[in-house]
Amino acid sequence: MSEHRDAMERTAGMVLVISGPSGSGKGTVIEILRGLAPNLGLSVSATTRAMREGEAEGVNYYYKTREQFEELIAEGGVLEYTIYNGNYYGTLKSEAERILDAGQDLVLEIEVDGAGQIKRLMGDRATTVMLIAPSAEEQERRLRGRGTEDDDVIAARVKRAREEIKEAPKYDYVAVNETDRAEECARDILSIIRAEHMRSDRMMTYIHDYFDDDEI
Ligand code: 5GP
């Protein structure tokens, strides 16, 4: 008797790293993606930056003091970390383990430097995706769209985003988030996840189960 399992459930959890410079629409795309693929576990990072309005402890981040964060680093509690805009940001080992142990795919929403660290640490187990707006003009328009910040702040963000996009060749995939088409972009990322689960190296346990002995 064969038991039906979705392709994504045949293999152990993968690690999906998503980076997106500001203006890429990363938040919206990830939210849609989570609705499309319920077996994703989004890791909540630790940071020393101040809590923004509408955020909550343990939902957006675990908020730490500098001393607490440095202690975490010293005791090996983070998988990767970086300093971004003067604040520490890092992936907690405990979060990553909890999600992978539950058989879920681990999603890390982190910047370029952290993405590189995860790739070095995990090799093929991690797949990296950079999310970008369809053009530099559109990306700048989205940054300006918020309308609350002055030109200097926006110019600095635009510059930083351009620097980050230059790192795209280091990623496995680049997904374009066309304007008003966030769901399509989320579906594109879902295709990446599905394809990664079907990679032959991930399927080896499954293939071995076809045979009684050491035929392969
Ligand atoms: P924000 O302060 O806007 O929430 O995040 C700033 C940047 O830090 C974003 O690019 C976000 O992806 C990145 N970030 C958030 N958490 C982590 C983390 O745990 N590690 C790394 N390396 N970057 C992170």
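The structure under discussion appears in the preceding block.
The rules behind the values
Residues numbered from 1 in each chain as written. Predicted model: local features only at pLDDT ≥ 70, side-chain atom pairs only at ≥ 80, totals over all residues. Heavy atoms only, no water. Core = buried A, V, L, I, M, F, W, Y, C linked by side-chain atoms within 4.5 Å. Buried < 20%, exposed > 50% of the residue type's maximum accessible area, 1.4 Å probe, protein only. Contact = heavy atoms within 4.5 Å. Pairing = 2+ DSSP bridges. Helix = DSSP H or I, 4+ residues; strand = E, 2+ residues; numbered from the N terminus. Axes fitted to C-alpha atoms, helices over the stretch in contact; angles between N-to-C directions. Expected span 1.5 Å × (residues − 1). Arc of directions from axis to C-beta. Salt bridge = Lys/Arg side-chain N within 4 Å of Asp/Glu carboxyl O.

A. Structural context of the nonpolar core. Ranked by internal contacts, the top residues of the largest apolar core, which has 20 residues, are Leu16, Ile18, Val29, Leu33, Ile189 and Ile193. Beyond its immediate chain neighbours, meaning those up to four positions away, Leu33 contacts Leu16, Ile18, Leu40, Ala186, Ile189, Leu190 and Ile193. Counting 17 residues, the second-largest nonpolar core is a separate cluster that includes Val17, Leu106, Ala126 and Met130.

B. Structural context of the sheet that holds strand 5 (residues 78-84). The mixed open sheet is built from four strands, whose spatial order is 4-3-6-5. Only two strands of the sheet have a single partner each, and these edge strands are strand 4 (61-63) and strand 5. On average, each strand axis in the sheet is tilted by 25 degrees relative to the strand beside it, whichever way the strands run.

C. Region of the structure containing helix 6 (residues 151-165). For helix 6, built from 15 residues, the straight-helix expectation of 21 Å at 1.5 Å per residue is met to within 8% by its first-to-last C-alpha distance of 21 Å. Considered for burial, the residues of helix 6 that qualify are Ile154, Val158, Ala161 and Glu164. Seen from one end, helix 6 has its buried residues packed into an arc of 125 degrees, which puts them on one side. Turned more than 90 degrees from where helix 6 packs its buried face, Asp152 and Lys159 sit exposed. Tucked inside the fold, the buried residues of helix 6 contact strand 5, helix 4 (112-122), strand 8 (126-132) and helix 5 (136-145).

D. Representation of the pattern of salt bridges in the model. Under the counting rule described, the total for this entry stands at 17 salt bridges. With a closest N to O distance of 2.7 Å, Asp172 and Lys119 form a salt bridge. In this pair, Asp172 sits in the loop between helix 6 and strand 9 (173-176) while Lys119 sits in helix 4, placing the two residues 53 residues apart along the sequence. On the basis of relative accessible area, Asp172 is assigned to the partly exposed category, the value being 38%. Judged by its relative accessible area of 24%, Lys119 falls in the partly exposed class. Across the pair Glu163 and Lys166 runs a salt bridge whose closest N-O atoms are separated by 3.4 Å.

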